[in-house]
Amino acid sequence: MSALDTTSAAPSPPRSPTSALEAPTGGTPTKKVDFDVASATEAEASAPVHFTPTANIATPGAFAQPTSCKCMAALTEGGRLEPFTITRRALKPTDVAIQIKYAGVCHSDIHQARGEWSKGGVFPMVTGHEVGGVVVAVGDAVTKFSVGDVVGIGCMVDSCRSCKYCVRGDEQYCKGKGGAVFTYGDSTNKYEHSAEDEEVTNAVTYGGYSESVVVHEGFVCTIPSNLDLAAATPLLCAGVTTYSPLIHYGLRPHHKLAVVGLGGLGHMGVKFGVAMGAEVTVVSRGTGKMEDSKRLGAHHFLDSTDKEAMAVAADTFDFVLDTVAANHDVGALLDLLTVDGKCVMVGIPPDAVPISAFKLIMGRKILAGSLIGGVRETQEMLDFCGRHDITCDIETIRADEVNEAWERAIASDVKYRFVIDTATL
């Protein structure tokens, strides 16, 4: 068998902080969830709030004060994840409180918690930057969201909001004094508007492997109502990471697109490429993922270990989306490009990538990179997914299965994203 196989709203007036007990007025949400509300005594209302998914924010005034919630955390660098309790800040006027329903497992979570990208992370660390849930409380100045809206949070929860990159909607490239405020393992006190009381919350961002999160409304996205929430949750990282470079670097319907690697990122690259009208080829080591690439909609499959097939495919692709995070021969991928072709890297190999300048110069080729997307582009991506009914292929797990899931993710034993059901915390 040949390795080259062809397959055929207007702002509402200010209001006091609103919880799930009192739905706000104004605005038409894309999707809402109803809550069952339990009664609570006055004493319970004034006591520290402990939030559980099954309670559905049943305590009056929830999130008007710092709120504790359960999570899974790495207590030390390289340690196993284990049950832990953190405190979320009280609502600020422009904050939204979200009951987390699902949290995607990104390979970045593993790298960060194990110190594989850099040492000196902040521990305990609660990972997870693919967050899907329901709005359960809003601050008195929130205009974009209402209680019951189904929403998501990605890799950032704030930024300086004033540098040229933030102003144009590229918050991921924020050049404020501390850069963007990432969803976990970062300091909330980079900027006055994101500051928290260290004695209450440690002033550290904690991610989505938890019951709840409080975040500025400007870093929250709406999940389209026709998408399954669990399967849509990984779009907040895996989705925008692959969508953004295809848009920014100009993929066109007539282009031939090679998606290198068929994992959490790669399978989304295939889905987006097909939806955008490109002729899509999956490039992978061996032929083990050939049938799955067909199922995902790819038109062709190319075995990168087949030298003859790679030679035949040389000088044929307009665009290469490289999703591989292991060390690999990027020069061989540049050989696949036609004149003026573009190779964009979204995976991060552990070592420096050696490239001969001749491979770029002799074909006027471009080798580039891309980091997630800004909030506006993330919403654009979600809306695109809603129109084209695109979600991630997922395997839902319990919270107590996350350590096993991390090992399976390292072994590429998942198709193609683990998602934690946070009701199991």
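Look above for the structure.
Procedures and definitions
Within every chain, residues take consecutive numbers counted from 1 along the sequence as written. In keeping with the model being predicted, local features are shown solely for residues with a pLDDT of at least 70 and side-chain atom pairs are shown and tallied solely at 80 or more, while totals for entire chains, interfaces and linings include all residues. Excluding hydrogens and water, the side-chain figures rest on all heavy atoms present in the structure. Relative accessible area decides the class of each residue, using a 1.4 Å probe on protein chains only: under 20% of the type maximum gives buried, over 50% gives exposed, and in between gives partly exposed. Secondary structure counts use DSSP, requiring at least four H or I residues in a row for a helix and at least two E residues in a row for a strand, with both numbered from the N terminus. DSSP calls a pair of strands paired once it identifies at least 2 bridges connecting them. Each aromatic pair joins two rings of Phe, Tyr and Trp (for Trp, the six-membered one) with centres within 6.5 Å, and gets the label stacked for planes under 30 degrees apart, edge-to-face for over 60, and tilted for any other angle. The nonpolar core is taken to be a set of buried Ala, Val, Leu, Ile, Met, Phe, Trp, Tyr and Cys residues, with the residues joined through side-chain atoms within 4.5 Å.

The next thing to look at is the pairing of strand β11 (residues 212-216). Within β11, five of the five residues are buried, leaving the element largely enclosed by the surrounding structure. Alternating positions in β11 separate into two faces, S212, V214 and H216 on one and V213 and V215 on the other, with burial throughout. Where strand β6 (residues 95-105) lies against β11, five bridges are found, and the strand directions are antiparallel. Considered in β11, the bridge of D95 is made with H216.

Taken as a whole, this structure holds four aromatic pairs when the rule is applied. Arranged with centres 5.5 Å apart and planes meeting at 70°, the rings of Y243 and F272 form a pair that is edge-to-face. A residue pair is termed long-range when its members are at least 10 positions apart, and Y243 in helix α6 (residues 238-248) and F272 in helix α7 (residues 264-275) qualify at 29 residues. Both residues of the pair, Y243 and F272, count as buried. On the numbers, 5.6 Å between centres and 55° between planes, the contact of Y243 with F384 is tilted. Residue Y243 is located in helix α6, and its partner F384 is located in helix α12 (residues 375-388); the two are separated by 141 residues in the primary sequence. Per residue, the accessibility class of Y243 equals that of F384, and both read buried.

This part takes up the nonpolar core. What tends to happen in soluble globular proteins is that the nonpolar side chains get buried as a cluster. Core analysis: the biggest nonpolar cluster contains 70 residues, and L235, L257 and F272 have the highest contact counts within it. Top contributing element to this core by residue count: α12, with five residues.

So, about the pairing of strand β7 (residues 131-138). Extensive coverage of β7 is indicated by the burial of eight of its eight residues. Direction of pairing for β6 relative to β7: antiparallel, over a ladder of seven bridges. Counterpart to A103 in the pairing with β7 is V131.

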